[in-house]
Amino acid sequence: GKEEHGGVDFRFTFGEKTQVEFSCSITWRGELFIFGGYDERRQISKLTDCTLERVGTLSFDHYYGTCAVVNDEEIYLCFNYFNSADWKKCRKANDPMGAFSEINPTNYDHGYTRIGASSGKYSNFEFNQSKIPHLDALLAIGDYDYKSKKVELLELNGSEAAQWRVLGDYPFVKVFICFQCFSK
């Protein structure tokens, strides 16, 4: 009703085999896509008007995973939480419906966390007194199950051989960091 939604009355429809619980989302060239989920671990869904429609199926599970877009050119899906073998694993594609391929793994587990993406055209990155100018990169911080606060950076220089670099521990927590929780 209108009172519950800031005075705006609208209807949202979940299409068949769609959900948002335990999924991640990206905006790709002006359109919102949802990947994975609690029951629909392989879903690729798209928001059209007020309807979430299933538009494809991943070839792998993506449960409590994370996703990011770099320069509106590459999509990264990382750290499927359902399988501990995936806590260091990211996959990329050049299109939401494209074939995702694995990239080099992180050095530490990053289950139950999120990644950040930067566009080198607009960003300067600074961590532990190190400045890295104009960098296309992914940033992974922390892990829940192994109580880690490790920070890793993947410089996206166009090379398939790019390696994750450990930058150190995230300095603002004592024990661990995950996407919905922070330790003291």
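Residues numbered from 1 in each chain as written. Predicted model: local features only at pLDDT ≥ 70, side-chain atom pairs only at ≥ 80, totals over all residues. Heavy atoms only, no water.

### Some points on the pairing of strand β2 (residues 24-28)
Only one face of β2 is covered, namely the face carrying Cys-24, Ile-26 and Trp-28; the face carrying Ser-25 and Thr-27 is uncovered. Examined bridge by bridge, β2 and strand β3 (residues 31-35) share five bridges and lie antiparallel to one another. Along β3, the bridge assignment pairs Ile-26 with Phe-33. Taken together, β2 and the strand that follows it, β3, pair antiparallel across an intervening segment of two residues, in which Arg-29 is found at a positive phi of about 50°. (Buried < 20%, exposed > 50% of the residue type's maximum accessible area, 1.4 Å probe, protein only. Helix = DSSP H or I, 4+ residues; strand = E, 2+ residues; numbered from the N terminus. Pairing = 2+ DSSP bridges.)

### Points about the packing of aromatic side chains
Using the criterion set out here, one finds 10 aromatic pairs in the structure. Where Phe-12 meets Phe-14, the ring centres are 4.9 Å apart and the plane angle is 65°; that geometry is what we call edge-to-face. On the accessibility criterion, Phe-14 (46% relative accessible area) is partly exposed. Seen from their ring centres, Phe-22 and Tyr-63 are 5.3 Å apart, and the 75° between their planes marks the pair as edge-to-face. Of the two residues, Phe-22 sits in the loop between β1 (13-14) and β2 while Tyr-63 sits in the loop between β5 (51-57) and β6 (66-70), which places them 41 residues apart along the sequence. Aromatic rings pair up to connect Phe-22, Tyr-38, Tyr-63, Tyr-64, Tyr-81 and Trp-87 into one cluster. The aromatic ring of Tyr-63 is capped on one face by Arg-41, whose charged end is 4.5 Å from the ring centroid. (Phe/Tyr/Trp six-rings, centres within 6.5 Å; stacked < 30°, edge-to-face > 60°. Lys NZ or Arg CZ within 6 Å of the ring centre and 35° of its normal.)

### Here we look at the sheet that holds strand β8 (residues 90-93)
Ordered in space as β6-β7-β8-β9, the four strands form an open sheet in which the pairing is antiparallel. If you trace the sheet from one side to the other, it starts and ends with β6 and β9 (101-102), each paired once. Bridge count between β8 and β9: two bridges; the pairing is antiparallel. Opposite Lys-92, over in β9, you have Ser-101 as the bridge partner.

### Some thoughts on the nonpolar core
Judged by nonpolar contacts, the single largest core of 14 residues is most densely connected at Tyr-76, Ile-115, Leu-138, Leu-154 and Trp-164. Among the elements of the structure, β6, β7 (74-78) and β13 (137-143) are those that each provide at least two residues to this core. (Core = buried A, V, L, I, M, F, W, Y, C linked by side-chain atoms within 4.5 Å.)

### Here we look at unusual backbone geometry
Located in the positive-phi region is Asp-49, a residue other than glycine, with phi close to 55°. By the element assignment, Asp-49 lies in the loop between β4 (43-48) and β5. Phi is positive for Asp-72, which is not a glycine, with a value near 55°. With respect to the helices and strands, Asp-72 occurs in the loop between β6 and β7. For Asp-72, a relative accessible area of 32% puts it in the partly exposed group.

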